[in-house]
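Working through the structure, step by step
Now for the letters of each chain:
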Amino acid sequence: MAVRYGSPLRRAVTFHIPLGLLVCATLFPFYWMVITSIRPDRELYSVQSNPFFTLYPTVKHFQDLFELTMFARWAWNTLFIATVSTAISLFCGLLAGYALARLQFRWAAPLGTLIFVTYLVPPTLLFIPLGDVVQAFGLADTPWAVILTYPTFLIPFCTWLLLGYFKTIPKEIEECARIDGASRVQAMVRISFPLAVPGILSAGIFAFTLSWNEFLYALVFLSSPQQKTIPIGVFTELVRGDVFYWGPLMAGALLGSIPVAIVYSFFVEHYVTALTGAVKG
Amino acid sequence: MADHRIEPMLAESASPAAPAGAVPIAGPTHEVSRPTRLGLLLEREHVLAGVLLTPTLVILALFIAYPFVLGIWLAVSDKVVGRPGNFIGLDNFRVNLADTIFLRAFQNTFVYTFIATILKLALGMLAALLLNHHFRFKRVVRASMLLPWIVPTVLSTLAWQWMFDATFSVFNWVLLNAGVISTRILWLGDGTMAMGCLILVNVWRGMPFFAITLLAGLQTVNPDLHEAAEIDGANAWQRFWRVTFPLLKPIMLVVVLFSMIATFADFQLIYVLTRGGPYSSTHVFGTYAYEIAMRAAKLGQGASISLSLFPFLLLVIMFQLWYIRRHD
């Protein structure tokens, strides 16, 4: 969009200052995590010292985090759960998205609507009965309790996104392959799926961050310390009653945020595509 | 379109079955492997569609449809942990309607959703308009703007909780040292203040989603329209309301609906920051249902609370479906 620039002062007031404020407000809590995690306790719990920086940075909180809690184990659990549930969701979403976008069958429209509706069903509505279901299947307090339930919100998202993506790939490419003798399945697997790789990547990144961040199901279904994910472990094991261990808490929060931030920073464009694609019909 | 292509293939495979001597005929077409019975079945689009949709439908049936039905049953039963429940009709809902904490949670859910959504829309729009300028480090700024949205909400909310700490709040430190206040503010000390803090954190977390999706919408607005309006003498304010706003309305509506559903059903942000406190004054449907079902072990009662958000949810979903259908 063509934007006309006025005087430098006017531009500062209408553009630089608001943008600067917005960026500061956005990033300040992250700065706070970092600074808290390296300040020694005697500074953290002093009302006198300036809280914005420290002259005595320490790694003690990180040491405590790894020595006194099972943080490394939680990190591994989170990675494992996020990876497997993303893989399952991508597999299902890819097949379902293809079917709904490309194949002609009687139930296509109602099934598409049904999957879209499940996409909007929040975990808050289902976690109580789902706890019973997980128990009945003998999955409670195992990684599979969440690996199999995360797809309930990941699959509809992946399906929806990939359905939109398949619609942008011209049908004719597949038809050419069919004329050259490829079967229906071959045309799908060898022609359409490779062309959908950018869409699969977008859906995968988004699904991975969603399962990395999930809280409610993990809180309800995973109870023993060695089964927890990072969000649950940090929240439940570093808060005892009214006592918050702020140093290790912020160290854990920082280390739990960095992996998703890194994955995201490599695939910003894919992530943004997923984000904007997710809301478009 | 594909149907008449299936016919000759079916005929081709049917013929070798009759005379045994016909098998060598397959020789010349050795490039294409002879279709198996399964392969032929998969040539039919409705069969293939059924196969492709099965994994998805199985998971959704087991972990969404079945729990949903079970949830309705729990809501009309007196089930508690460790004991089978009996049908008690609408008693749970009657108890809810007489429960002041439930009524407060009901009210909180709406206040939280509407105020937070309006603020997210306004700030997100502002952020999108700012990001739509050309400036140095634009990509870095846009990427960092999304950080609150992508990092685990629990972890960033813990950072906010530390910033709102009764004794060591950084906001209090700044305000005290600047001489603005003389006694510490208890940010999470009473229901109204705590609700304000919850909305602030929710806006901080959700605003990037609005900003980035609205930015994507802004980038599709044809610059010629703005130039034409400018030549006709429209100022920036008028150009926004008369040109940009109407063009963005469809995407804005969809983003608002999505955000409303997520905010309405929010659990983690409130549970981490206030746990529904102080004195159960900041509960929403999600946190109160958790409190009753998981902490008090009253599964039936808890299910009836979380089911109470369903009518509103249904309304928004139906509106959204109607809207999508109208625009297709």
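Structure first, text after, so check above.
The structure presented is a predicted model; accordingly, all values stated were derived computationally and were not measured.

1. Considering the interface of chain A and chain B
- Listed by partner, the interface residues are 105 residues for chain A and 101 residues for chain B.
- A combined buried area of about 9,400 Å² lies between chain A and chain B, and 79% of that area is made up of carbon and sulfur atoms.
- Summed over the shared surface of chain A and chain B, the number is four salt bridges.
- With a shortest N-O distance of 2.6 Å, Arg 142 of chain B and Glu 269 of chain A are connected by a salt bridge.
- Viewed at the interface, chain B and chain A are joined by 14 residue pairs in polar contact (both at pLDDT 80 or more).
- In terms of residues, the side of chain A that touches chain B owes the most to one element, helix α1 (residues 8-38) of chain A, which gives 16 residues.
- The class makeup of the residues in the side of chain A that touches chain B is 76 nonpolar, 21 polar and eight charged.

2. Examining the state of the cysteines
Residues and elements named next belong to chain A.
- With the rule as written, the count across this model stands at zero disulfides over all chains.
- With no disulfide of its own, Cys 158 has Cys 92 as its nearest cysteine by sulfur position, at a separation of 9.1 Å.
- Owing to a relative accessible area of 0%, Cys 158 belongs among the buried residues under this scheme.

3. Some points on empty space enclosed by the protein
- Under the definition given, this model contains three cavities of 30 Å³ or more.
- Considering only enclosed or pocket space, the largest cavity measures out at about 1,000 Å³ in volume.
- Around the largest cavity, the lining is made up of 39 residues, and of these Pro 123 and Leu 210 of chain A together with Trp 149, Arg 205 and Ala 262 of chain B lie nearest the centre.
- Those elements that provide at least two residues to the lining of the largest cavity are α6 (123-136), α8 (151-168), α11 (197-213) and α15 (268-279) of chain A together with α7 (147-150), α10 (191-218), α12 (236-264) and α13 (268-273) of chain B.
- Among the residues forming the lining of the largest cavity, the class breakdown is 26 nonpolar, nine polar and four charged.
- Roughly 50 Å³ of internal volume is contained in the second largest cavity.
- What lines the second largest cavity is simply Thr 118, Val 121, Pro 122, Pro 123, Leu 126, Thr 152, Phe 153 and Tyr 217 of chain A together with Ile 64 of chain B.
- At the level of secondary structure, the elements contributing two or more residues to the lining of the second largest cavity comprise α6 and α8 of chain A.
- Of the residues that constitute the lining of the second largest cavity, the class distribution is seven nonpolar, two polar and no charged.

4. Quick notes on the packing of α15 of chain A against α10 of chain B
- Running from amino to carboxyl end, α15 of chain A crosses α10 of chain B at an angle of 80°, the nearest separation of the two axes being 10 Å. The pairing of α15 of chain A with α10 of chain B is recorded here as roughly perpendicular in orientation. Here Val 272, Leu 275, Thr 276 and Val 279 of chain A of α15 of chain A come into contact with α10 of chain B, specifically with Phe 209, Ile 212, Thr 213 and Ala 216 of chain B.
- Grouping the constituent residues of the contact of α15 of chain A with α10 of chain B by class yields six nonpolar, two polar and no charged.

5. Section: the pattern of salt bridges
- Throughout the structure, instances matching the rule amount to 11 salt bridges over all chains.
- For the salt bridge of Asp 64 of chain A with Lys 60 of chain A, the shortest nitrogen-to-oxygen distance reads 2.8 Å. Taken together, the positions of Asp 64 of chain A and Lys 60 of chain A, both in helix α3 (residues 60-68) and four residues apart, correspond to about one turn of that helix.
- Note on Lys 60 of chain A: relative accessible area 43%, which makes it partly exposed.
- Across the salt bridge formed by Glu 45 of chain B and Arg 184 of chain A, the nearest N and O atoms sit 3.3 Å from each other. Of the two residues, Glu 45 of chain B is situated in helix α3 (residues 45-75) and Arg 184 of chain A in helix α10 (residues 184-195); the pairing between them involves two chains. You'll find Glu 45 of chain B and Arg 184 of chain A in the same group, each marked buried.
- Put simply, Arg 102, Glu 174 and Arg 184 of chain A together with Glu 45 of chain B are held in one network by salt bridges that share partners.

Basis of the calculations
- Residues numbered from 1 in each chain as written.
- Chains lettered and ligands numbered in written order.
- Predicted model: local features only at pLDDT ≥ 70, side-chain atom pairs only at ≥ 80, totals over all residues.
- Heavy atoms only, no water.
- Contact = heavy atoms within 4.5 Å.
- Buried area = accessible area lost by both parts, 1.4 Å probe.
- Salt bridge = Lys/Arg side-chain N within 4 Å of Asp/Glu carboxyl O.
- Polar contact = N/O pair within 3.5 Å; in protein donor to acceptor, adjacent residues only side chain to side chain.
- Helix = DSSP H or I, 4+ residues; strand = E, 2+ residues; numbered from the N terminus.
- Nonpolar A, V, L, I, M, F, W, Y, C, P; charged D, E, K, R; others polar.
- Disulfide = S-S within 2.5 Å.
- Buried < 20%, exposed > 50% of the residue type's maximum accessible area, 1.4 Å probe, protein only.
- 1 Å grid on protein atoms, 1.4 Å probe; cavity = no way out; pocket = protein on both sides within 12 Å on 5 of 7 lines; lining within 4 Å.
- Points joined across faces, edges and corners; volume = space filled by probe spheres on them.
- Axes fitted to C-alpha atoms, helices over the stretch in contact; angles between N-to-C directions.
- Parallel < 35°, antiparallel > 145°, perpendicular 65-115°, else oblique.

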